[in-house]
Amino acid sequence: MNAQRIERLQAMPVFGAVSARALDDLLTPLRVRQVRAGGDFFRQGDDACSMYVLESGTVEVRKRWQGRDYRLRTLGPGDVFGEMALMDPSPRNASVRAETDCSAIEVSPDDLLRLFEHDPEQFALIQMNLGREVCRRLRATDELLFRATVGEGPATVDSVFHAL
């Protein structure tokens, strides 16, 4: 994998402080998924089998509830999505659709297992970083839900999710 791509990855919270060698091990062979505008990376209810690191383009995260689709957030280059698949085998709890043509690096649980077998310390660092990212999102959601519950937050479900 080229040095420029590794540097970009190391600047992301999920891969912060991870060595270049470990990233190269984790992402060899490199799997890049191209999705055209309007296409889906995955849909709510699909089997969770990979995390994606968005290198180019924008995606929208959507959740279907009671027959209606809600836009949760928009993500751009450098963001990760689907990371829960690396920690929990439950089906996808949201859909991710490309708003523009996208390119994303795919990381599977098997990739992490391979890293664990070669470098448990770097594996643990990535797991901690993933946990921090999930906790950051949970903390923001908890705050928004609390504010909505006491009447100080956004008035609609759409605005709660948009604030994330």
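In what follows, the structure referred to is the one given above.
Let me begin by describing the structure that accompanies this report. (Residues numbered from 1 in each chain as written. Predicted model: local features only at pLDDT ≥ 70, side-chain atom pairs only at ≥ 80, totals over all residues. Heavy atoms only, no water.)

Some remarks on the overall build of the protein
Alright, step 1. Per the secondary structure count, the protein includes 5 helices and 8 strands.
Alright, step 2. The globule rule puts the C-alpha radius of gyration for 164 residues at 15 Å, and the 17 Å found for the protein is close to it.
Alright, step 3. Expressed as lengths along the three principal axes of its C-alpha atoms, the size of the protein is roughly 50 × 35 × 30 Å.
Alright, step 4. Within the protein, buried positions represent 39% of all 164 residues.
Alright, step 5. Of the contacts made within the protein by residues no fewer than 6 positions apart, 71% connect residues no fewer than 24 positions apart.
Alright, step 6. With the model as given, the accessible surface of the protein reaches about 9,000 Å², and the carbon-plus-sulfur share is 54%.
Alright, step 7. Counting 21 positive and 25 negative side-chain charges, the protein places the centres of these two groups 5 Å from one another. (Helix = DSSP H or I, 4+ residues; strand = E, 2+ residues; numbered from the N terminus. Rg over C-alpha atoms; globule rule 2.2 N^0.38 Å. Buried < 20%, exposed > 50% of the residue type's maximum accessible area, 1.4 Å probe, protein only. Contact = heavy atoms within 4.5 Å. Areas by Shrake-Rupley, 256 points an atom, 1.4 Å probe, with all protein chains shown as cover. Lys, Arg positive; Asp, Glu negative; His and termini not counted. Charge placed at Lys NZ, Arg CZ, Asp CG, Glu CD.)

What to know about the packing of aromatic side chains
Alright, step 1. All told, the structure shown has 7 aromatic pairs when counted by the stated rule.
Alright, step 2. Centre to centre, the rings of F42 and F81 are 6.1 Å apart; their planes meet at 45°, and the pair counts as tilted. Taken together, the residues span a long stretch of sequence, with F42 in strand 2 (residues 40-42) and F81 in strand 6 (residues 80-81) at a distance of 39 residues.
Alright, step 3. One aromatic cluster is present, built from ring pairs that chain together F41, F42, Y52 and F81. (Phe/Tyr/Trp six-rings, centres within 6.5 Å; stacked < 30°, edge-to-face > 60°.)

Observations concerning the side chain of S95
Alright, step 1. In this structure, S95 sits in strand 7 (residues 95-98).
Alright, step 2. When neighbours within four sequence positions are excluded, S95 is seen to be in contact with F42, R43, Q44, E60, V61 and R62.

Quick look at the sheet that holds strand 1 (residues 32-35)
Alright, step 1. Pairing is antiparallel in the open sheet, where 4 strands are placed in the order 1-8-3-6. The sheet is open, and its two borders are formed by strand 1 and strand 6, each paired with just one other strand.
Alright, step 2. Where strand 3 (residues 51-56) meets strand 8 (residues 102-107), 5 bridges bridge the pair, whose relative direction is antiparallel. By the bridge assignment for strand 8, V53 is matched with I105.
Alright, step 3. Along the sheet face, helix 1 (residues 3-10) touches strand 1, strand 3 and strand 8 and points at about 115° away from the line of strand 3. (Pairing = 2+ DSSP bridges. Axes fitted to C-alpha atoms, helices over the stretch in contact; angles between N-to-C directions.)

Some thoughts on unusual backbone geometry
Alright, step 1. The omega torsion across T28 and P29 is 5°, close enough to zero to call that bond cis.
Alright, step 2. Note that P29 resides in the loop between helix 2 (20-26) and strand 1.
Alright, step 3. Phi at A17 is positive, roughly 70°, even though this residue is not glycine.
Alright, step 4. With respect to the helices, strands and loops of the structure, A17 is situated in the loop between helix 1 and helix 2.
Alright, step 5. Positive phi outside glycine occurs at Q66, with the angle close to 50°.
Alright, step 6. Along the chain, Q66 turns up in the loop between strand 4 (59-65) and strand 5 (68-75).
Alright, step 7. By relative accessible area, which is 69% here, Q66 ends up exposed.

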